[in-house]
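Here are the chains, one letter per residue:
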Amino acid sequence: AGSIAPEQPFEAAALQGFAQCIVDSGSSLGKHLEQDEASSAVLSQRMLDQRAFGLGNGVVFLAHGSYGATLECVSRAGGAWRTLAERNPARFFYKTLYPYIARSIRTASRALATQPSNIALVPNVEFAMHAVVNSLLTNTTTNNSAPLTVLIFDVLYGATAHWLHTLHESNAIELHVLPLKHSLRAGHAAMLAAASNSLTTLLQTNAITDNILVIFEHVTSPTAVVLPVMQLANLFKTRLSITAANNGPPRVLIDGAHSLGMLSSSSSSSASSSSSACCADVHALNVDFYTTNAHKWLCNLRGCAVLYCAPQWQHIIRPVITSWGAQAPRQSFQSAFVWQGTMDYTPYLTLHIALRAAAMMDDCSSIMSRARVRNAALARVGGAWVAEKIGTECLVVQNELSDEEQGTCAMVCVRVPAEIEGQSDIQQQLLNEFHIEAPVFKFQSHRWIRISAHVYNSRDDFARLASALLQLAAASGNGGQG
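Residues numbered from 1 in each chain as written. Predicted model: local features only at pLDDT ≥ 70, side-chain atom pairs only at ≥ 80, totals over all residues. Heavy atoms only, no water.

K.L.:
Looking at this model, I keep getting lost on the packing of aromatic side chains. Mind explaining?
P.N.:
The description of an aromatic ring pair uses the distance of the two centres, along with the angle that the planes make with each other. Applying the stated criterion across every chain yields a total of 14 aromatic pairs. Arranged with centres 5.5 Å apart and planes meeting at 85°, the rings of Phe92 and Phe93 form a pair that is edge-to-face. A centroid spacing of 5.5 Å and a plane angle of 20° characterise the contact between Trp339 and Tyr345, whose relative ring orientation is stacked. For Trp339, a relative accessible area of 12% corresponds to the buried category. Cluster of aromatic residues (ring-pair linked, three or more members): Phe10, Trp81, Phe92, Phe93, Tyr98, Tyr100, Trp339, Tyr345 and Tyr348. Over the face of the ring belonging to Trp313 we find Arg251, whose NZ or CZ atom lies 5.3 Å from the ring centre. (Phe/Tyr/Trp six-rings, centres within 6.5 Å; stacked < 30°, edge-to-face > 60°. Buried < 20%, exposed > 50% of the residue type's maximum accessible area, 1.4 Å probe, protein only. Lys NZ or Arg CZ within 6 Å of the ring centre and 35° of its normal.)

K.L.:
Whenever I open this one, the sheet that holds strand β9 (residues 411-415) confuses me. Can you help?
P.N.:
The strands making up a sheet are joined through hydrogen bonds of the backbone, oriented either antiparallel or parallel. With antiparallel pairing, three strands are arranged side by side in an open sheet as β9-β12-β11. Pairing within the sheet leaves two strands with one partner each, and these edge strands are β9 and β11 (440-443). The mean inter-strand angle of the sheet, taken between neighbouring strand axes irrespective of direction, is 40°. (Pairing = 2+ DSSP bridges. Helix = DSSP H or I, 4+ residues; strand = E, 2+ residues; numbered from the N terminus. Axes fitted to C-alpha atoms, helices over the stretch in contact; angles between N-to-C directions.)

K.L.:
Sorry if this is basic, but what is going on with the sheet that holds strand β8 (residues 305-309) here?
P.N.:
Strand order in the open sheet made by the seven strands is β2-β8-β7-β6-β5-β3-β4, with mixed pairing throughout. If you trace the sheet from one side to the other, it starts and ends with β2 (119-122) and β4 (174-178), each paired once. Averaged over all pairs of adjacent strands, the angle between their axes in this sheet comes to 20°, without regard to strand direction. In the sheet, strand β6 (residues 251-255) pairs with strand β7 (residues 289-293) via three bridges, with the strands oriented parallel. Directly across from Leu253, in β7, lies its bridge partner Phe289. Its contacts with the sheet put helix α6 (residues 89-109) on β2 and β8, and the angle it makes with β2 is roughly 115°. On the sheet, helix α10 (residues 229-240) packs against β3 (149-153), β4, β5 (212-217) and β6 and is oriented at approximately 165° with respect to β5. (Contact = heavy atoms within 4.5 Å.)

K.L.:
Would you explain unusual backbone geometry in this entry?
P.N.:
That bond from Ser221 to Pro222 is cis: its omega, 10°, falls within 30 degrees of zero. Mapped onto the elements of the fold, Pro222 is located in the loop between β5 and α10. The residue Asn286 is not glycine, and still its phi comes out positive at about 65°. Within the element layout of this structure, Asn286 appears in the loop between α11 (282-285) and β7. Look at Ser445: it is not a glycine, yet its phi comes out positive at around 70°. For Ser445, the location among the structural elements is in the loop between β11 and β12 (446-452).

K.L.:
Which parts of the structure should I look at to understand the pairing of β5?
P.N.:
Moving residue by residue along a regular strand, the side chains alternate between the two faces of the sheet. With six of six residues buried, β5 lies mostly within the body of the structure. A two-sided burial pattern is seen for β5, the buried positions comprising Ile212, Val214 and Phe216 on one face and Leu213, Ile215 and Glu217 on the other. In this structure, β3 lies alongside β5, joined through four bridges in parallel fashion. Of the residues in β5, the one forming a bridge with Thr149 is Ile212.

K.L.:
Explain the environment of Asp344 to me, please; I cannot follow it from the model alone.
P.N.:
With respect to the element layout, Asp344 can be found in the loop between α12 (333-338) and α13 (346-363). Given the relative accessible area of 42%, Asp344 is considered partly exposed. In sequence terms Asp344 and Ala85 are 259 residues apart; their C-alpha atoms lie 9.6 Å from each other. Here Arg82 takes part through its side chain, which lies 2.8 Å from a polar atom of the side chain of Asp344. (Polar contact = N/O pair within 3.5 Å; in protein donor to acceptor, adjacent residues only side chain to side chain.)

K.L.:
Which parts of the structure should I look at to understand the nonpolar core?
P.N.:
Here is a general trend for soluble globular proteins: nonpolar side chains tend to be buried in one another's company. In terms of nonpolar packing, the biggest core is built from 131 residues, with Phe53, Leu164, Ile215, Phe216 and Ile317 touching the most fellow members. Filtering out sequence-adjacent residues up to four positions away, Ile215 remains in contact with Met129, Val133, Val150, Leu151, Ile152, Phe153, Leu156, Leu164 and Leu253. Core analysis: the second largest hydrophobic core is formed by 28 residues, Val386, Ile420, Ala438 and Phe462 among them. (Core = buried A, V, L, I, M, F, W, Y, C linked by side-chain atoms within 4.5 Å.)

K.L.:
Looking at this model, I keep getting lost on the state of the cysteines. Mind explaining?
P.N.:
A covalent bond bridging the sulfur atoms of two cysteines is what the word disulfide describes. One pass over the full model with this rule turns up zero disulfides. Just so you know, Cys73 is unpaired, no disulfide at all, and the nearest cysteine sulfur is the one on Cys21, 7.8 Å from it. Residue class for Cys73 comes out buried when judged on its relative accessible area of 2%. Between Cys394, a free cysteine, and Cys413, which holds the nearest cysteine sulfur, the sulfur-to-sulfur gap is 8.8 Å. Since its relative accessible area comes to 10%, Cys394 is described here as buried. (Disulfide = S-S within 2.5 Å.)

As structure tokens, then:
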């Protein structure tokens, strides 16, 4: 409640500088965008120069999905916030900090199509997930409930899966892994059928508790496949509601690490939102918890993520660190999260600027309209072109249905040439020999390269990658390095 904290002069200056970057990109691209985001003219041009992100000109950066790339306007605003804090740290923490965190929360709530009261800021997605699971475990102990049963897919992010297996080995949770890996490339209908069959088998062969949490990703990592979140959430809640009669329906936690700044609500299988910044309508998705990073596709400073918590669970969800905000009688979901000890809260403050910059990219009709649609088109078209040139395939078979299911996902995975699949240092070779940065991983006995497309990328970057992979394959075939 209350008035929104006013914009600082240095924030206005940073956003004005970003607006000028958009203008300097030229008007011809905007004319093409108004016609077709996937046209050859659009995909052949960079919407913004890499310098708008602080990226060095010497590297073809196709790894945005890994750790993001911070917008220069956000970095400048962050530096100014840190300078302001150092002028009088006591006054900054006592008087200035909280109203501006509240401002960021209000702005971020629109990205998840929910009320600000349902949002908390956290350092990263893993922090949010630990907070939810730890809180449910505490509540289980306090209320002498049945043990917490966690259901995951076999394509869950590796670090999260490792943590949950550790909890299972220490008898903190019951963990069940449902197979989805072999249906991942076959589309949403196949994934839903596989999930349903796996759930049937689980219920027939295991006596699971009625205290259930289901965890899965919105976009799988590293395979970059958009899952049918709403349908999966409905499936689990419908099938498990009878089992969970005493503790209510199963809760669903979504790892949406890649969502903010990349996905649109339409690619979340949700109802449309009036906000162009909306990455997931959490109420339409029917999930209980949803968390997303701000440093990846939104291009904020690293150290800020958003956690949505449905109102019915806010009385039990608390952060990993219990501090002043969790004190009675004023303790609440948001107050518990807002203060996590003395740390650098700058990424929380610049979240507002990153969201404003994203809105400028989505709303400026002359240049940057439908930027996310263009990035997704570049990933799909560019990925298919690379696969054709090097004689391999994309992980997601491209057709009208898969394009719709992938929505505005701006990542594509391409299998590397057979001649170099046995090499474990492909990523390092690409960087050292060709100045190309892109992650390489192994999936279903093959090595794949995950290519990210942002506004600073163009089709020329994909051409350079294809050329580099062909050269590595030729060198391997001729008895070269490898």
